Amino acid sequence: LLVCCALLRSQGDSAGGGLIMALLQLINQLPDEQQHDAIDPPAAVVLYSPWVDLSPHGGDSIVTLTGVDPMLRAPNDPDSPSPAALAYVAGNASLLSDPLVSPLHGTYDDVHFPPTLIQVGLRDILISSNVLLYRKMHAAGQLVTFSPYEAMWHVFQAFWNFPEAQAANQEAADFLRDHLPQHASQQDAGEAAGDSSL
């Protein structure tokens, strides 16, 4: 049984970001009655350079930015899946384009996705697939924001001493806070008011 909460705000980086999008694809594949009875999607999602295409041709930047991105590099054979991608599917390369493995290949039309923020550095080898994800979600009418950061690499947000990382994490926090459901915000405000009177 999959149970999410409308008060939950999801955040993931790299493969974790891909897992969040795969989970949302799975939720949208369930029959309507199961979605309504058992599952509430997150109120908002933040993705730090999500790995959303595990197939060998996951975007031009995998090749062009190898050697520029200090965190990741393309496989030696650009026509072959990466070892990490193959490990994820237990060696079954035919699964690499499945939307539950590579959510870039999923459906975004006529389904619900939470408001989504995609952050990525302009030196990140995954930027091509991130741009494609944004364009696909935007074309489908989903509420999605694309936020690129100059001269930054894969998951630069983890380097807290960099001003760009601080700015990105603040942007993510503001985005999640802004999309907290209204009733929860009102409840918090009421509790705060009650606390102040003690």
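Structural data are supplied above this passage.
Trainee: Looking at this model, I keep getting lost on the overall build of the chain. Mind explaining?
Mentor: Regarding its fold elements, the chain presents seven helices and four strands. The order of α-helices and β-strands along the chain, N terminus first, is β-α-α-β-α-α-β-α-β-α-α. Going through the 198 residues of the chain one by one, you find that 42% of them count as buried. Excluding contacts between residues fewer than 6 apart, the proportion of contacts in the chain whose partners are at least 24 apart in sequence is 77%. Total accessible area computed for the chain in this model is approximately 10,300 Å², and 56% of it derives from carbon and sulfur atoms.

Trainee: Hey, could you run me through the nonpolar core in this one?
Mentor: The nonpolar side chains of soluble globular proteins are, as a tendency, buried together. Judged by nonpolar contacts, the single largest core of 15 residues is most densely connected at Met21, Leu24, Leu47, Tyr108, Phe113, Leu133 and Met137. For this core, the secondary-structure elements that each account for two or more residues are helix 1 (15-29), strand 2 (44-48) and helix 5 (127-139). Here the element with the most residues in this core is helix 1; it accounts for four residues. Leave out the neighbours within four places in its chain, and Met137 touches Met21, Tyr108, Phe113, Thr116, Gln142 and Val144. Counting 13 residues, the second-largest nonpolar core is a separate cluster that includes Ala85, Val101, Val120 and Ile127.

Trainee: What exactly am I supposed to notice about the side chain of Asp53 here?
Mentor: Within the fold, Asp53 resides in the loop between strand 2 and helix 3 (61-64). Within polar-contact distance, the side chain of Asp53 engages the side chain of Ser55 at 2.6 Å. A polar contact of 3.0 Å, which involves the side chain of Asp53, links it to the side chain of His105.

Trainee: Any chance you could explain the pairing of strand 4 (residues 144-149) here in plain terms?
Mentor: Along a regular strand, successive side chains alternate from one face of the sheet to the other. Both strand 3 (residues 116-121) and strand 4 contribute to a ladder of six bridges, which runs parallel. The partner of Gln119 across the bridge, within strand 4, is Ser147.

Trainee: Just checking my understanding: could you explain the pattern of salt bridges for this structure?
Mentor: Side chains that differ in charge, positive against negative, can pair when their charged atoms come close. Per the counting criterion, the structure on display carries one salt bridge. Among the ionic pairs, Arg177 bridges to Asp174, the shortest N-O distance being 2.9 Å. Residue Arg177 and its partner Asp174 are located together in helix 6 (residues 163-178), separated by three residues, close to a single helical turn.

Trainee: What should I look at first to understand the layout of surface pockets in this one?
Mentor: In this approach the atoms are scanned with a rolling probe the size of a water molecule, which exposes any empty space left behind. Taken as a whole, the largest pocket spans an internal volume of roughly 380 Å³. The wall of the largest pocket is formed by 25 residues, among which Trp51, Ile62, Pro75, Ser82 and Ile125 lie closest to the centre. Sorting the residues of the lining of the largest pocket by element identifies helix 3 and helix 4 (83-88) as the ones contributing at least two each. Residues that form the lining of the largest pocket fall into these classes: 14 nonpolar, eight polar and three charged.

Calculation notes
Residues numbered from 1 in each chain as written. Predicted model: local features only at pLDDT ≥ 70, side-chain atom pairs only at ≥ 80, totals over all residues. Heavy atoms only, no water. Helix = DSSP H or I, 4+ residues; strand = E, 2+ residues; numbered from the N terminus. Buried < 20%, exposed > 50% of the residue type's maximum accessible area, 1.4 Å probe, protein only. Contact = heavy atoms within 4.5 Å. Areas by Shrake-Rupley, 256 points an atom, 1.4 Å probe, with all protein chains shown as cover. Core = buried A, V, L, I, M, F, W, Y, C linked by side-chain atoms within 4.5 Å. Polar contact = N/O pair within 3.5 Å; in protein donor to acceptor, adjacent residues only side chain to side chain. Pairing = 2+ DSSP bridges. Salt bridge = Lys/Arg side-chain N within 4 Å of Asp/Glu carboxyl O. 1 Å grid on protein atoms, 1.4 Å probe; cavity = no way out; pocket = protein on both sides within 12 Å on 5 of 7 lines; lining within 4 Å. Points joined across faces, edges and corners; volume = space filled by probe spheres on them. Nonpolar A, V, L, I, M, F, W, Y, C, P; charged D, E, K, R; others polar.

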